[in-house]
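Chain residues, written in single-letter form:
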Amino acid sequence: MYFQLGWRNIWRNPRRTLVIMTAVIIGVWSMIFLGALMRGIADQMVRNGIATLTGHIQVHHKGYRNDPAIENSMAEPQAVETALNKLLPPGAQWTSRVRVNAIASNARHSSGVTLVGINPHREGKISFIGQAITQGRYLKPDDKYGIVVGKALVDKFETKLGRKLVLMSQDTGREIASRAFRIVGIFRAEKEATEKQFAFVTMPVAQQMLKLRKSISEVSIILPVNQEADQVATALRTALPSSDYEVQSWQELLPLVTAVLKMYDGFIFLWFLVVFIAMGFGIVNTTLMAVFERMREFGLLKALGMKPWWIIREVLTESFFLLILAMVIGNSLGFLSVFALSGTGIDLSSLAAGLEFVGMSRVIYPIIQGKDVIMANVVVFILGLLVSMYPAVKASKFTPVEAMAHT
Amino acid sequence: MNIVECTDVKKTYRLGKVAVRALRGVSLFIKRGGFVALAGPSGSGKTTMLNVIGGLDSADSGSVMVDGNALDEMTQSQLANLRLHKVGFVFQAYNLIPVLSALENVEFVMLLQGVPVTERQKRAKAILDDVGLEGKYNRRPAELSGGQQQRVAVARSIVSNPSIVLADEPTANLDSKTGKGLLEMMKEMNEKRKVTFIFSTHDHMVMDYARRLIHIRDGLVVDDQVKEK
Amino acid sequence: MSIDLKMAWRNIWRNSRRSILTILAIAFASLLLVFMLSWQFGSYDAMINSAVKIHTGHVQVQAKGYKNKRSIRLVVPDPAEVGDILEKTPGVAAYSFRTNAFSLVSSKERTYGAIVIGIDPVREAKVSTLEKLVHQGNYLSAGDTDQALLGKLLAKNLLVGLGDELVVLGQGRDGSIAATMVKVKGIFSSGQDEFDRSTIHIPLKYFQDVYTMYEAVHEVVVLVKSLEYVPEIKRTVAAGIENTNKKGHLVALDWMELMPGLIQAIQMDLVSGFIFYIILIVVVAFSILNTFLMTIFERTREFGVLMALGTTPGRLTKLLLIESTTMTMVGIVIGIIGGSLITWYFQEHGIVISGASELMRQYGLAERMFPQLSVLSVVIGSGAVLVITLLTALYPALRVRRLRPVEAMMSV
């Protein structure tokens, strides 16, 4: 009965109802859609960060993060391997690397790079490099002199596939070790900085060049589920002696990305609030109008013996319908626009330099996160009913006499 | 010499699903300077007749001439202009703009006509004095009695020297004493300013004031008598 | 006050509760926009300023192609000549010369690749913040030779402190080996990890000797008095270069060309900001549309009377528009005043976004941010609110033209 009454009442002035519903619909749509865009940007950042040789978890020799020098290598990778085999959840992948600062040079140029010695097969399944080769080929396990470098580095060095590149770095004996490689593959990456930074060779070659023997710099782990990183990291920390090893999750490894995520969280919530306030004024005003127009009616109901609380409930029921209907439509539109963009994404390649500056990807794919949708709807629904209390209470206070006198 | 010439005017309203034939062929000729009452019970068509003469409403068929203008050939904007310069209106109630004072309500019409402000105020005050409202210039409608409100309405309708004032049951919301006072005042204005007054009523006291009394029933003129004093 | 305005004003206060809510909605939107735009503009200024003062200057003269290749051979052979042009260019605040070379830098323990930058200590202090960034030891002085300023992270990686010796090994301009030994005189920290990890500054003269540069430099760095002079000065300098015998070899570049990422990032931020703002204003517009619409429904009878008096439909539209404009203007003025006060407060005291300082440092922003109130930040936001609100008001104002007097009079 209440619901029927409320439903019919909101359609007494369909234009007015439609106008305020439009405000709520646009508001909810913007919450869902813009929220999804921001989540999409953040998600790409995280993926990118993780794919760019980070992984979900990394294991290093103690002190490596603070001072990534060759002394801080792990001399007994078997110990780590044993722990990994025991503790990693099924589906997890891992690889080990040698990773040192080095200097690349050819006849005309030289520049600082990160020399990465990899296990080509395992690495391909874990980081971006497996799918990033655009010219030449990927490393083979027995490549003695092959090196894979980024397109931007190749351009800067005015060189090309098949040309020589000399890499220099400090070996374990503090001597400068150098070795000439031949460029067998060129990779592209999301960021130009990545293309300039990394030079890949096979791990045995790197170990030999740097006199590392079996030592490795890091172990990088990819988990089947992103969220498990903390748990697994904690388990690894207990298994590996903290005097020798440090274990970090991607949140610790990518502090800037983590900070961006946190900022986005705050920003999304603020946006929800701001949009709500903007439509809150409209909800209050429209409900007030509807209530004052029906002053006589409420007076009559009161004269008939209706209790104030019933009138409040009646007004709130109307707001309830209005909000629910607008939320359903707003959510649907939000989901639809996200869905429409999920295939192609929003391509911002023309702003590549700017994107690199702020660490964004070239194509944004909006991603709907359950918690945002819930928060958006809860904010609109709860606050919407809350602000409707004002007109509702107002209506409940009309006395029959003054209400009947009102025309 | 006729200020109003209506020939075979017909008008049908749709009220929901029902068609109401408000005017079923009225012909009416009213001389300049007249003080004419349209009498009849409610629903007889007298209000419609007034609206048609004032260009507020258009006839379905027949012709209406007001002061030499054929209304059925005029646009909304031209009709507004005609009302502004040639026709004054007084309604049963809610005549005045609530946010304007008595003086401003009277001034408003002259404002629309583009009368300069000093002259506007002078004339408005003079006419308010004429209708017996001296000293109440700055009262808002809500602060005036019903009779006073109607006096402001009459003042407003004649201030711009229209050819004709149309009054739709001007006394219906007033007690008989106030009503009489208003009619006396209207008659005085009619004689002093030579303005044609046409008013509708179903009140015999009001009919007595008219110099010509036209009875309308069911959308037709049933009786038309000129009274000489 | 004209009668139209008077009517509008009184009509607004006939239903004060509703009008106040409407005005507040408009004020809220303009307040937010004034503050947010001031914030954005303030942060852009800070970003540009810090980037310009740490990295590039406003305008640079370089050899053509140097920007991308960074080759030691691409030089400005006669910097004094460029200096003469700059001396004569109005609006130039200061200029300096720099040289760059990628080299191996070794301490006793470690070896890293780094960019060795030759600076003129006196001139550099006027164009960049380097001097202020030195937080350990001292900045270089005019007569220094084998002294170096080291980035904080590079110092950490090399395990060196003040007074320690470093071996620098690179390739000279003529292809010869360039090798020398320098002492750490100061350690600087810009907060930007990339810069602090990969640069070492030595006196320009010393650099030129070691790398066989002779008189040549790589960059002539110009700081201008105000950002808006940049295009003009760039043009003047470019024209000046044309008159030297090195024309066609040298180019003048502004900060936007030197750091395309920065300007694009700012544009992106602006555009995305505007998307948010427009959506916000549209939501506000629909929120208040009902107020404007209600006016015509409630006052239909009154409009009937006005029309009977001879008011033309156009005049009614005008009356309604005056009413909504007045309401909008009141809201906007309140919003501007409130927004300016809030902005002004934070402009004095700054805003700290907790937990984001690390992130902001990388963009050259201090932990404490200062919004910057400007004519632009006030006008853009309130202008957008005004336009969209008035477009909203147009609908009911035009609808009133469809009213016919008799129907209007019959409605209660």
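Residues numbered from 1 in each chain as written. Chains lettered and ligands numbered in written order. Predicted model: local features only at pLDDT ≥ 70, side-chain atom pairs only at ≥ 80, totals over all residues.

Sorry, what's going on with the overall build of chain C here?
Summing up its helical and strand segments, chain C has 17 helices and twelve strands in all. The C-alpha atoms of chain C give 31 Å as radius of gyration, which overshoots the globular expectation for 412 residues (22 Å, by more than 25%). Taken along the three principal axes of its C-alpha coordinates, chain C extends 100 × 50 × 30 Å. Pairs at least 24 residues apart make up 82% of the contacts formed inside chain C by residues separated by at least 6 positions. (Helix = DSSP H or I, 4+ residues; strand = E, 2+ residues; numbered from the N terminus. Rg over C-alpha atoms; globule rule 2.2 N^0.38 Å. Contact = placed C-beta atoms within 7 Å.)

How should the overall build of chain B be read in this particular structure?
When its secondary structure is counted, chain B shows seven helices and ten strands. Here the C-alpha atoms of chain B give a radius of gyration of 17 Å, agreeing with the 17 Å that 2.2 N^0.38 yields for 229 residues. In terms of principal-axis extent, the alpha carbons of chain B reach across some 45 × 40 × 40 Å. Expressed as a percentage of its 229 residues, the buried residues of chain B come to 46%. Once local pairs closer than 6 in sequence are excluded, the contacts in chain B between residues at least 24 apart make up 69%. (Buried ≥ 20, exposed ≤ 12 C-beta atoms within 10 Å, placed from the backbone.)

What's the story with the environment of glutamine 149 of chain B in this structure? I'm lost.
Positionally, glutamine 149 of chain B belongs in helix H5 (residues 146-159). As a C-alpha pair, glutamine 149 of chain B and histidine 202 of chain B span 53 residues in sequence and 21 Å in three-dimensional space.

Mind showing me how you'd approach the sheet that holds strand E5 (residues 69-70) of chain B here?
Adjacent strands of a sheet form backbone hydrogen bonds with each other and so pair up, either parallel or antiparallel. Residue and element names in this part refer to chain B. Pairing in this open sheet of four strands is antiparallel, and the strands run E2-E1-E4-E5 from one edge to the other. Of all strands in the sheet, those bounded by a partner on one side alone are strand E2 (18-31) and E5. Relative to strand E4 (residues 61-66), strand E1 (residues 2-15) is paired through five bridges, and the arrangement is antiparallel. Bridge assignment links cysteine 6 to a residue of E4, and that residue is valine 64. (Pairing = 2+ DSSP bridges.)

What am I meant to see in the nonpolar core here?
Here is a general trend for soluble globular proteins: nonpolar side chains tend to be buried in one another's company. In terms of nonpolar packing, the biggest core is built from 313 residues, with Ala278 of chain A together with Ala29 of chain C touching the most fellow members. At 21 residues, helix H2 (residues 14-51) of chain A tops the list of elements feeding residues into this core. Non-local contacts of alanine 278 of chain A, meaning those with residues more than four positions away in its chain, are made with Gly27 of chain A together with Ala25, Phe28, Ala29, Leu280, Val283, Val284 and Ser287 of chain C. (Core = buried A, V, L, I, M, F, W, Y, C linked by C-beta atoms within 7 Å.)

So what exactly am I meant to see when it comes to the confidence of the model for chain B here?
Should pLDDT be low for a region, the predicted coordinates there are not to be read in detail. Summing up the model confidence of chain B, the mean pLDDT is 88 and the portion of residues at 70 or higher is 99%. Per-element confidence in chain B is highest for strand E3 (residues 35-39) of chain B, whose mean pLDDT is 93, and lowest for helix H2 (residues 76-85) of chain B, whose mean pLDDT is 85. (pLDDT = per-residue confidence, 0-100.)

Can you help me understand the packing of helix H10 (residues 255-293) of chain A against helix H14 (residues 370-396) of chain A in this one?
Packed helices, taken two at a time, are described by their axes: the angle between them and the distance between them. Residues and elements named next belong to chain A. Contact geometry of H10 with H14 gives a least axis separation of 9 Å together with a crossing angle of 30 degrees. In terms of orientation, H10 and H14 fall into the roughly parallel class. Note on packing geometry: the crossing formed by H10 with H14 is right-handed. Classifying every residue of the contact of H10 with H14 gives 17 nonpolar, four polar and two charged. (Axes fitted to C-alpha atoms, helices over the stretch in contact; angles between N-to-C directions. Parallel < 35°, antiparallel > 145°, perpendicular 65-115°, else oblique. Left-handed = near helix turned anticlockwise from the far one by under 90°. Nonpolar A, V, L, I, M, F, W, Y, C, P; charged D, E, K, R; others polar.)

Got a minute to help me understand the packing of helix H1 (residues 3-12) of chain C against helix H14 (residues 313-349) of chain C in this structure?
Residue and element names in this part refer to chain C. Packing of H1 against H14 brings their axes to within 9 Å, and their N-to-C directions diverge by 60 degrees. Taken together, H1 and H14 sit at an angle that is classed as oblique. Taken as a pair, H1 and H14 cross one another with a handedness that is right-handed. Counted together, Asp4, Leu5, Met7, Ala8, Trp9, Asn11 and Ile12 of H1 and Leu319, Ile322, Glu323, Thr326 and Met327 of H14 form the full contact between these two elements. In terms of residue class, the contact of H1 with H14 is made up of eight nonpolar, two polar and two charged.

Help me out: how do you make sense of the interface of chain C and chain A in this one?
For an interface, size is often stated in terms of accessible area lost upon the parts coming together. On the side of chain A, 48 residues touch chain C, which itself brings 47 residues to the contact. Where the side of chain C that touches chain A is concerned, the elements lending two or more residues are helix H2 (16-56), strand E2 (92-106), strand E3 (111-119), helix H12 (260-298) and helix H15 (357-362) of chain C. The dominant element in the side of chain C that touches chain A, judged by the number of residues it contributes, is H12 of chain C, at 21 residues. Here the side of chain C that touches chain A is composed, by residue class, of 27 nonpolar, 14 polar and six charged.

What should I look at first to understand unusual backbone geometry in this one?
Glycine aside, residues mostly have negative phi, and peptide bonds are mostly found in the trans state. Backbone geometry at arginine 213 of chain A places phi at a positive 55 degrees, although glycine is not the residue there. Considering the arrangement of structural elements, one finds arginine 213 of chain A in the loop between helix H7 (203-209) and strand E9 (218-222). Taking the C-beta count within 10 Å as the criterion, arginine 213 of chain A has 10 such neighbours and is therefore assigned exposed. For aspartate 218 of chain B, which is not a glycine, the phi torsion comes out positive at approximately 50 degrees. For aspartate 218 of chain B, a count of 14 C-beta atoms within 10 Å corresponds to the partly exposed category.

What is the right way to look at the interface of chain B and chain C in this model?
Residue-level contacts link 21 residues of chain B with 18 residues of chain C. Here the element with the most residues in the side of chain B that touches chain C is H2 of chain B; it accounts for six residues. Tallied by class, the residues present in the side of chain B that touches chain C amount to twelve nonpolar, six polar and three charged.

I'm lost on the pairing of strand E7 (residues 177-188) of chain C in this one. Help?
For a regular strand, side-chain orientation follows a simple rule: the groups alternate between the two sheet faces. Residue and element names in this part refer to chain C. Direction of pairing for strand E4 (residues 134-137) relative to E7: antiparallel, over a ladder of three bridges. The residue of E7 that forms the bridge with glycine 137 is glycine 186. Pairing of strand E5 (residues 147-151) with E7 involves five bridges; the strand directions are parallel. Directly across from alanine 148, in E7, lies its bridge partner valine 184. In the sheet, strand E6 (residues 165-171) pairs with E7 via seven bridges, with the strands oriented antiparallel. Within E7, the position partnered with leucine 169 by the bridge is alanine 179. Remark: five residues form the turn of the hairpin made by E6 and E7, two consecutive strands paired antiparallel; glycine 175 in that turn has positive phi of roughly 95 degrees.

Just checking my understanding: could you explain the environment of arginine 197 of chain C for this structure?
All names here are of chain C. Following the sequence through the fold, arginine 197 ends up in helix H8 (residues 193-198). Given 18 C-beta atoms within a 10 Å radius, arginine 197 is considered partly exposed. Counting along the chain gives 46 residues from arginine 197 to glycine 151, while the straight-line C-alpha distance between them is 5.9 Å. Those residues in contact with arginine 197 that lie beyond four places of it in its chain are Gly151, Leu153 and Leu154.

I tried to follow helix H16 (residues 375-399) of chain C on my own but got confused; where do I start?
Structural remark: α-helix, 3.6 residues per turn; residues separated by three or four positions point the same way. Residue and element names in this part refer to chain C. End to end, H16 covers 36 Å across 25 residues, agreeing with the expected 36 Å (1.5 Å per residue, within 8%). The complete set of buried residues in H16 reads Ser377, Val378, Gly381, Ser382, Val385, Thr389, Thr392, Ala393, Pro396 and Ala397. In the core, the buried residues of H16 are packed alongside H2, H12 and H14. (Expected span 1.5 Å × (residues − 1).)

Mind showing me how you'd approach the pairing of E2 of chain C here?
Residue and element names in this part refer to chain C. Most of E2 sits out of view: twelve of its 15 residues are buried. Bridge analysis of E2 against strand E9 (residues 219-224) gives six bridges, and the strand direction is antiparallel. Note that in E9 the partner of valine 92 across the bridge is valine 224. In this structure, E2 lies alongside E3, joined through nine bridges in antiparallel fashion.

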